[in-house]
Amino acid sequence: MVTTPDSFYLKTTHRFQEAVSRAGGVVERWYRIGNGVVRVHFAGVSLAPRLTPALEHLRLPQDAQAFSLTIYAWDSASTSTAPLSPAWPLDAYNARGEVAGFNTHRFRTAFDMGAGVLSLLDTQERVAFYWAQAAQEIPYYESGAPFRTLLHWWMKEQHCQITHAAAVGAETGGVLLVGKGGMGKSTSALACLTGPLAYAGDDYVLVTATPRPRVFSLYNSVKLEGDHLQRFPELHAAISNPDRRSDEKALVFLNTLYPHKMCAGFPLRALLVPRVTGRRETTVQRISAAAGLAALAPSTIFQLPGAGREAFTLMAQIAQQIPAFALNLGTDIQRIPEAILAVLQRLDTP
Amino acid sequence: MELTQRLNVKGANIVHDIIDGEVVIINLDNGNYYSLDGAGADIWQGITEGCSLREITGRLLSHYAGDPQTIEAAVRGLAAELEMEALVVVSEAPSTLPSQRTPPDVKTAERRPAFHAPTLSRYVDMQDLLLLDPIHDVDEAGWPHAKSESGDA
């Protein structure tokens, strides 16, 4: 019998119900994500602690309001259920984990080969499934950005885009820090934790282009490498994976240290493209909108299954509406927030 | 490449936009992305509007101050480079109507800026985000595992 997206979806539904039954119930969480509310049901108690800390700043009281998406999440090991099996051949995966033949108008299907996570979304029923073999084997970077693929698909339906960027600002407006990894996005955002600017995200945030560019916070996590740990020693106490391997980054949930700095979002006033200069002073210079888009779009698109023309168009709309600047990062990182504030003040000046 | 030929953007996996006279192009298949400005952006715009290479050359001659042979060679050269990068293919479709195109920005001779041969800037730093040869091992249930930790960009 040929397995179709419909029949695989049905099989997944039954396996989740079996997991709930064997685990003795669900752990339920509600979150405000973008302009919508997402409800998550975890089968049993093992998976939630691995996936919820990064979203804690967006948590809502249960049953507070109508939800727009339900995610059913489970792992096989802790619920003593048989693992799901792929219903497609090995050559069905594309470079970003999407499964050929199982991405239709209604369904989205992808398997993250690094994290070992299956993501399945039914856009018609507004239901999603998240499955892993074992909660304890979920890697730190998945804990830092849980449900990323599902939320990417779902938010696209809401005209929002998960973006590889950091964001700092105030309720009246802020900046999106964009560029590939290692260019200084995290350093810039973390430097703002002790200043007047609020923090909306470090690695992935949600953006929309209409009616005006706006960013929404998504995760409160930050992944720290060696130089970050030296520059921000105050974060050491909150490292969630102290027993990590030498090739893993330290994961910190900033909501535990700086809950007052977490911000749900703000209007976007500028794109900033950080560059490490080695000079002491941090400076800012205007760059073209295309240079801003080139820093923003590729590193987002190539990390998200199914991201393509629509994502590019949305990010191009943002780049067309707000100015872009190079943020030439100095070695005195305490001055970075001042430089960002100066950009915002300059944009406020008629 | 013949001047009578027209080019098409090669399929849905080449996404592109022109913002403030600069072009950003992304190849979703291989992770490469590109930028063009100046005359290069004008050539790209002409391609996307269905102009032949001769028509694109004519547009550039009415906009820039430059030797016709130099401009023609630059158009041919960039077209060949775009084709080699698999961003465009030679079109078999009939020509578009001039009304579907952006009117050429004709400048009087004394106001034309100097022509500079276009440069296609090519960036390959996103390729490591794509698992172009992803499957390393398959577990008992049949799920593949990547060679590297793909999610930690």
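Here the structure is a predicted model, which means the values were calculated and not measured.

Trainee: Explain the overall build of chain A to me, and be specific about the residues and the numbers.
Mentor: Each helix and strand counted, chain A has 10 helices and 17 strands in total. If you line up chain A on its principal axes, its C-alpha atoms span 65 × 40 × 40 Å. Taken across its 350 residues, chain A has 63% of its residues classed as buried. Surface exposure of chain A reaches about 13,400 Å², of which carbon and sulfur atoms provide 50%. Separation between the mean location of the 32 positive side-chain charges and that of the 28 negative ones in chain A comes to 6 Å.

Trainee: Now, about the overall build of chain B: what can you tell me, with residues and values included?
Mentor: The helix and strand inventory of chain B stands at 3 helices and 8 strands. Secondary structure of chain B in N-to-C order comes out as β-β-β-β-α-α-α-β-β-β-β. For chain B, buried positions account for 41% of its 153 residues. Sequence-distant contacts, at least 24 apart, represent 64% of the contacts inside chain B between residues at least 6 apart. Per element, the accessible surface of chain B, about 7,700 Å² overall, is 50% carbon and sulfur.

Trainee: How would you summarise the state of the cysteines if you had to cite specific residues and measurements?
Mentor: All names here are of chain A. One pass over the structure, following the stated rule, counts 0 disulfides over all chains. No disulfide involves Cys263; its sulfur sits 12 Å from the nearest other cysteine sulfur, which is in Cys192. Here Cys263 falls in the buried class, since its relative accessible area comes to 11%.

Trainee: I'd love a proper account of the pattern of salt bridges, names of residues and values included.
Mentor: Pairing between side chains of opposite charge can happen when the charged atoms of each approach one another. Under the criterion given, the structure shown has 17 salt bridges over all chains. Linking Asp125(B) and Lys180(A) is a salt bridge whose minimum nitrogen-to-oxygen distance equals 2.9 Å. Here the residue Asp125(B) occupies a position in the loop between β6 (121-123) and β7 (135-138), and Lys180(A) occupies one in the loop between β9 (173-178) and α6 (185-191), the pair thus bridging two chains. A relative accessible area of 26% means that Asp125(B) is categorised as partly exposed. For Lys180(A), a relative accessible area of 31% puts it in the partly exposed group. Because the salt bridges share partners, they merge into one network encompassing Arg15(A), Glu18(A) and Arg22(A).

Trainee: Break down the side chain of Asn27(B) for me, with residues and values.
Mentor: One can find Asn27(B) in strand β3 (residues 22-27). One polar contact links the side chain of Asn27(B) to the main-chain amide nitrogen of Asp29(B), over a distance of 2.8 Å. Excluding its chain neighbours within four sequence positions, the residues that come into contact with Asn27(B) are Phe302(A), Asn13(B), Ile14(B), Asn32(B), Glu85(B), Ala86(B) and Leu87(B).

Trainee: Run through the sheet that holds strand β5 (residues 107-112) of chain A, naming residues and quoting values.
Mentor: All names here are of chain A. Taken in spatial order, the 7 strands line up as β3-β1-β2-β4-β7-β6-β5 in an open sheet, and their pairing is mixed. On the outer flanks of this sheet lie β3 (59-60) and β5, each paired with one strand and no other. The pairing of strand β2 (residues 36-43) with strand β4 (residues 69-75) spans 5 bridges and is classified as parallel. The residue of β4 that forms the bridge with His41 is Tyr72. Relative to the sheet, helix α1 (residues 5-23) contacts β1 (26-33), β2, β4, β5, β6 (117-122) and β7 (127-132), its axis offset from that of β4 by approximately 65°. In this fold helix α5 (residues 148-157) packs onto β1, β2, β4, β5, β6 and β7, with an angle of close to 20° to the strand it touches most, β6.

Trainee: Outline empty space enclosed by the protein, listing residues and values.
Mentor: Residue and element names in this part refer to chain A. Scanning all chains against the criterion turns up 2 cavities of 30 Å³ or more. Counted as a void, the second largest cavity has a volume near 90 Å³. Residue lining of the second largest cavity: 12 residues in total, with Gly144, Ala145, Asp203, Tyr204 and Ser221 positioned closest to the centre. Of all the secondary-structure elements, those providing two or more residues to the lining of the second largest cavity are α4 (140-144) and β13 (221-224). The greatest single-element share of the lining of the second largest cavity, amounting to 3 residues, is contributed by β13. Partitioned by chemical class, the residues of the lining of the second largest cavity number 5 nonpolar, 3 polar and 4 charged.

Trainee: So what about the interface of chain A and chain B? Which residues, and what values?
Mentor: Of the residues lining the interface, 43 residues belong to chain A; the matching set on chain B comes to 38 residues. In this assembly, chain A packs against chain B so that about 3,400 Å² is buried in total across both faces, 66% of it on carbon and sulfur atoms. Joining chain A to chain B, the criterion identifies 1 salt bridge. Run the count over chain A and chain B and you get 6 residue pairs in polar contact (both at pLDDT 80 or more).

Trainee: Please provide a residue-by-residue account of unusual backbone geometry, values included.
Mentor: Residue and element names in this part refer to chain A. The linkage connecting Thr210 with the following residue, Pro211, adopts the cis geometry, with an omega of 0°. Within the secondary structure layout, Pro211 lies in the loop between β11 (204-208) and β12 (214-216). With a phi angle near 55°, Ser80 is a residue other than glycine that sits in the positive phi range. Phi is positive for Arg126, which is not a glycine, with a value near 60°. Along the polypeptide, Arg126 turns up in the loop between β6 and β7.

Trainee: Outline the side chain of His63(B), supporting the account with residue identities and numerical values.
Mentor: Topologically, His63(B) is positioned in helix α2 (residues 53-63). If we ignore the near neighbours within four places in the chain, the residues touching His63(B) are Asp42(B), Asp105(B), Lys107(B), Arg112(B) and Pro113(B).

Trainee: Describe the environment of Pro86(A), naming the residues involved and giving the relevant values.
Mentor: As for its placement among the helices and strands, Pro86(A) is situated in the loop between α3 (76-79) and β5. Separated by 36 residues in sequence, Pro86(A) and Asp122(A) have C-alpha atoms that sit 17 Å apart. Not counting residues within four places of it along the chain, the set of residues in contact with Pro86(A) comprises Tyr93(A), Ala141(B), Gly142(B) and Trp143(B).

Trainee: So, the layout of surface pockets: which residues are in play, and what are the values?
Mentor: Taken as a whole, the second largest pocket spans an internal volume of roughly 410 Å³. Forming the boundary of the second largest pocket are 24 residues, of which Ala291(A), Ala294(A), Ala295(A), Tyr33(B) and Tyr123(B) lie nearest the centre. Mapped onto the lining of the second largest pocket, the elements with two or more residues apiece are β15 (265-276) and α8 (289-301) of chain A together with β4 (33-36) and β6 of chain B.

Thresholds applied
Residues numbered from 1 in each chain as written. Chains lettered and ligands numbered in written order. Predicted model: local features only at pLDDT ≥ 70, side-chain atom pairs only at ≥ 80, totals over all residues. Heavy atoms only, no water. Helix = DSSP H or I, 4+ residues; strand = E, 2+ residues; numbered from the N terminus. Buried < 20%, exposed > 50% of the residue type's maximum accessible area, 1.4 Å probe, protein only. Areas by Shrake-Rupley, 256 points an atom, 1.4 Å probe, with all protein chains shown as cover. Lys, Arg positive; Asp, Glu negative; His and termini not counted. Charge placed at Lys NZ, Arg CZ, Asp CG, Glu CD. Contact = heavy atoms within 4.5 Å. Disulfide = S-S within 2.5 Å. Salt bridge = Lys/Arg side-chain N within 4 Å of Asp/Glu carboxyl O. Polar contact = N/O pair within 3.5 Å; in protein donor to acceptor, adjacent residues only side chain to side chain. Pairing = 2+ DSSP bridges. Axes fitted to C-alpha atoms, helices over the stretch in contact; angles between N-to-C directions. 1 Å grid on protein atoms, 1.4 Å probe; cavity = no way out; pocket = protein on both sides within 12 Å on 5 of 7 lines; lining within 4 Å. Points joined across faces, edges and corners; volume = space filled by probe spheres on them. Nonpolar A, V, L, I, M, F, W, Y, C, P; charged D, E, K, R; others polar. Buried area = accessible area lost by both parts, 1.4 Å probe.

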